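# Chain and residue survey
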Amino acid sequence: MEKLTGANKINSAVFISGKGSNLKNLINFSLNKNSPIRVSLILSNKYDAKGLRYAKKYRIKKKIYNFKNQIKVEKKILKDLNTNKIGLICLAGFMKILSKNFIAKFKGKILNIHPSLLPKYKGLYTHERVLQNREKVSGCTVHLVSAKLDSGKIILQKKVKIRKKETPKSLAKKILIQEHRLYPKAILKIFNL
Ligand code: GRF
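This part is about the site of the ligand. Residues in close proximity to the ligand include Lys19, Gly20, Ser21, Asn22, Gly93, Ile113, His114, Pro115, Leu176 and Glu179, which together make up its full environment. Within the side chain of Lys19, one N or O atom sits 3.4 Å away from an oxygen atom of the ligand. The separation between an oxygen atom of the ligand and a polar side-chain atom of Glu179 is 2.8 Å. For the ligand, whose free accessible area comes to 370 Å², the fraction covered by protein is 83%. Among the elements of the structure, α1 (21-30), β5 (110-114) and α6 (168-190) are those that each provide at least two residues to the shell around the ligand. For the shell around the ligand, the residue count by class is three nonpolar, five polar and two charged.

The grouping of Met95, Leu124 and Tyr125 at the surface amounts to a nonpolar patch, some 380 Å² of accessible area in total. Inspection of the secondary structure puts Leu124 in the loop between β5 and α5 (126-132).

Another point: the pairing of strand β6 (residues 137-144). Counting buried positions along β6 gives seven out of eight residues, so the element sits mostly inside the fold. As paired strands, β5 and β6 are joined by four bridges and run antiparallel to one another. Counterpart to Ile113 in the pairing with β6 is Val142. Examined bridge by bridge, β6 and strand β7 (residues 154-161) share seven bridges and lie antiparallel to one another.

For the rest of this paragraph, the subject is the pattern of salt bridges. The tally for this structure, following the rule as stated, stands at three salt bridges. We note a salt bridge from Lys63 to Asp80, for which the minimum N-O separation is 3.6 Å. Note that Lys63 is positioned in strand β3 (residues 61-64) and Asp80 in helix α3 (residues 70-83), a separation of 17 residues in sequence. For Asp80, a relative accessible area of 16% translates into the label buried. Between Lys120 and Glu135 there is a salt bridge; the shortest N-O distance is 3.2 Å. In this pair, Lys120 is assigned in the loop between β5 and α5 and Glu135 in the loop between α5 and β6, connecting sequence segments 15 residues apart.

Two elements in contact, α1 and α6, have axes separated by 10 Å at closest approach and are oriented at 45°. Here α1 is positioned oblique relative to α6, judged by the angle of their axes. Relative to α6, α1 is oriented so that their crossing is right-handed. Here Ser21, Asn22, Asn25, Leu26 and Phe29 of α1 come into contact with α6, specifically with Leu176, Glu179, His180, Tyr183, Pro184, Ile187 and Leu188. Partitioned by chemical class, the residues of the contact of α1 with α6 number seven nonpolar, four polar and one charged.

This part covers the nonpolar core. Judged by nonpolar contacts, the single largest core of 36 residues is most densely connected at Val14, Ile16, Ile42, Leu88, Leu111, Tyr183 and Ile187. Sort the elements by how many residues they give to this core and α6 lands first, with seven residues. When neighbours within four sequence positions are excluded, Leu111 is seen to be in contact with Leu88, Ile89, Cys90, Leu91, Val142, His143, Leu144, Val145, Ile155, Tyr183, Ile187 and Ile190. Formed by 20 residues, the second largest nonpolar core is a distinct cluster that contains Ala13, Leu41, Phe94 and Phe102.

Basis of the calculations
- Residues numbered from 1 in each chain as written.
- Predicted model: local features only at pLDDT ≥ 70, side-chain atom pairs only at ≥ 80, totals over all residues.
- Heavy atoms only, no water.
- Near = heavy atom within 4 Å.
- Polar contact = N/O pair within 3.5 Å; in protein donor to acceptor, adjacent residues only side chain to side chain.
- Areas by Shrake-Rupley, 256 points an atom, 1.4 Å probe, with all protein chains shown as cover.
- Helix = DSSP H or I, 4+ residues; strand = E, 2+ residues; numbered from the N terminus.
- Nonpolar A, V, L, I, M, F, W, Y, C, P; charged D, E, K, R; others polar.
- Patch = residues over 30% accessible without salt bridge, like charges linked within 9 Å, V, L, I, M, F, W, Y side chains within 5 Å.
- Salt bridge = Lys/Arg side-chain N within 4 Å of Asp/Glu carboxyl O.
- Buried < 20%, exposed > 50% of the residue type's maximum accessible area, 1.4 Å probe, protein only.
- Pairing = 2+ DSSP bridges.
- Axes fitted to C-alpha atoms, helices over the stretch in contact; angles between N-to-C directions.
- Parallel < 35°, antiparallel > 145°, perpendicular 65-115°, else oblique.
- Left-handed = near helix turned anticlockwise from the far one by under 90°.
- Contact = heavy atoms within 4.5 Å.
- Core = buried A, V, L, I, M, F, W, Y, C linked by side-chain atoms within 4.5 Å.

Put into structure tokens, the structure is as follows:
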């Protein structure tokens, strides 16, 4: 992507379904003078997503969509993204799978963070499966979103060591700390910064 300065930050939308710790982290990153992005829209498929509170806290526009009819809702979302001149979408704990058509419209401009070392452990219950298989390391991955789940081009990864007494909860916590470092780094990387 093109090289950017503080004056022409890319309007970005963060899609969430839950806690929103990555969202909060991305907002703080975006407030940095040297960040290439501005978080200008928070989007959720859940009315009660905890992370939505950051919209009020940081005065960012939020939109909540009911995904019952995904084709219809994605059309609405695309319209909203255009209206808000969104140039980058960051998925951060967003629990819906976007359609091929939607992804094609934002090709190369949708990032996701996944709590495993992709291509290993795509999908849900990552930490449980990692521990069941007695892996020695796990980690997190920021990747471009493609039509196949958790399979787009890998931008950056970070490994963490697994201790003997690791539980899914302790592993998730340890990886989340790394996620918060990795997502901004990956964004800088895609903008060649
Ligand atoms: C993170 O572990 C992320 O990798 C996964 O969902 C979790 C979201 O956490 N996709 P949060 O809502 O950002 O706190």
